[in-house]
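One letter stands for each residue in the lines below.
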Amino acid sequence: MERRNDPLVPILGSLVAIAVLASLVFLVPGITQWFRSTPDAVAGESLSPTKPIEIWLGQDGDDGITLVLEPLTDQKAARRLDTAMRDGPYHYLSLTVYNFARDEPYMLDVNKGLASPDGGARLETAAKLRRADAPPHLRAVLDGLGGGKAQLTVRRGEQGQLLLVVREAPTNRTAFVSGHLRLERREVTRRTLAVWRAHPTGGDAGMFER
C-alpha cells in the first residue's frame with residue numbers, strides 16, 4: 001500500500017506555532033508598555049515631556065526602598081486584560097519596588113490589598129482575581145506585569161513589580177496605605193519619571209520634584 005504524503009497538515013501546524021509565538025513576542029512587550037503611556041498617547045497626540053502626570057510615591061523608612069504606583073491609562077488595553085479577570089471591568093495599576101541601598105532583601109506582601117484614607121474600594125492584586133481559565137497568552141501577559149503574585153522579594157540593586165486592580169477610578173485618591181507603608185499622590189513630569197527610571201540612585205525622592 002502506497003503511503004500518502006500530504007503537506008497540508010505540517011504546514012498548518014507550523015502556521016499555528018508561528019501565530020502563538022508571534023502573539024507572545026509582540027503582545028507581551030506591547031501590553032507592558034501600556035503602563036508607560038498616557039491619555040495623550042492613546043489619542044495619538046504628541047507627548048510633552050514637561051506635562052505632569054499623577055503617580056503615588058512611597059518610601060519604606062530610610063533604607064533605600066522606593067515604591068512607585070502608576071495607573072494604566074490605555075483603556076483599550078485594560079479591556080483586553082479584563083477578559084482574563086473575574087468580575088471586571090477594572091482599573092489597573094503597576095506597583096514597582098526599587099531596592100537601592102538595603103543590604104537585606106526587601107519583602108512586600110500586599111495580599112490584603114491597599115486601602116485609601118479617602119475611602120472607596122481597596123486596591124487588590126490581579127493574582128487574586130485572575131480567571132483560572134484565562135487564555136494562555138493573557139496569562140503570560142499578566143505574569144509579565146506581576147499579575148500572578150501578591151508578594152515580592154527585592155534584593156539590593158534590583159526591582160520588582162506587582163499588578164493591582166480596583167473597580168473605581170483611583171484618580172482622586174490622595175494616598176494608599178498598608179500597615180506602616182504609605183504611598184502618596186504626586187505630580188511629576190514624564191521627563192523626570194523617565195530619567196529616574198533610567199538612573200535611579202539612592203532611592204532619593206528628590207528626583208520626583210517638579
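Bear in mind that the values here come from a model prediction, so they are computed numbers and not experimental data.

**Points about the packing of aromatic side chains**
Tallying each qualifying case throughout the model produces three aromatic pairs. With a centroid separation of 5.7 Å and an interplanar angle of 5 degrees, the aromatic rings of Tyr98 and Phe100 are classed as stacked.

**Regarding unusual backbone geometry**
Where the residue is not glycine, phi is negative for most of them; where a peptide bond is considered, it is trans in most cases. Residue Pro89 is reached from Gly88 by a cis peptide bond, and omega for that bond is 5 degrees. Note that Pro89 resides in the loop between α3 (75-82) and β3 (91-99). Positive phi, normally seen in glycine, also occurs at Asp87, with a value near 60 degrees. With respect to the helices, strands and loops of the structure, Asp87 is situated in the loop between α3 and β3. The class of Asp87 is exposed, set by a relative accessible area of 52%.

**Description of the sheet that holds β3**
If you walk across this open sheet you meet the seven strands as β5-β7-β3-β2-β1-β9-β8, and the pairing is antiparallel. The open sheet has two edge strands with one neighbour each: β5 (124-125) and β8 (175-178). When β3 meets strand β7 (residues 158-166), the two strands line up antiparallel, connected through nine bridges. Bridged to Thr96 within β7 is Gln161.

**A few points about the confidence of the model for the protein chain**
Here the protein chain shows a mean pLDDT of 78. Residues at 70 or above account for 71%. Taken element by element, the protein chain is modelled with least confidence in helix α2 (residues 39-43), mean pLDDT 38, and with most confidence in β5, mean pLDDT 96. Segment residues 6-29 is flagged for pLDDT under 50; beyond a separation of four residues in sequence, or across chains, it makes 10 contacts in the model. Across residues 34-46, confidence stays below pLDDT 50; counting only partners more than four residues off in sequence or on other chains, it has 30 contacts.

Basis of the calculations
- Residues numbered from 1 in each chain as written.
- Predicted model: local features only at pLDDT ≥ 70, side-chain atom pairs only at ≥ 80, totals over all residues.
- Heavy atoms only, no water.
- Phe/Tyr/Trp six-rings, centres within 6.5 Å; stacked < 30°, edge-to-face > 60°.
- Helix = DSSP H or I, 4+ residues; strand = E, 2+ residues; numbered from the N terminus.
- Buried < 20%, exposed > 50% of the residue type's maximum accessible area, 1.4 Å probe, protein only.
- Pairing = 2+ DSSP bridges.
- pLDDT = per-residue confidence, 0-100.
- Contact = heavy atoms within 4.5 Å.

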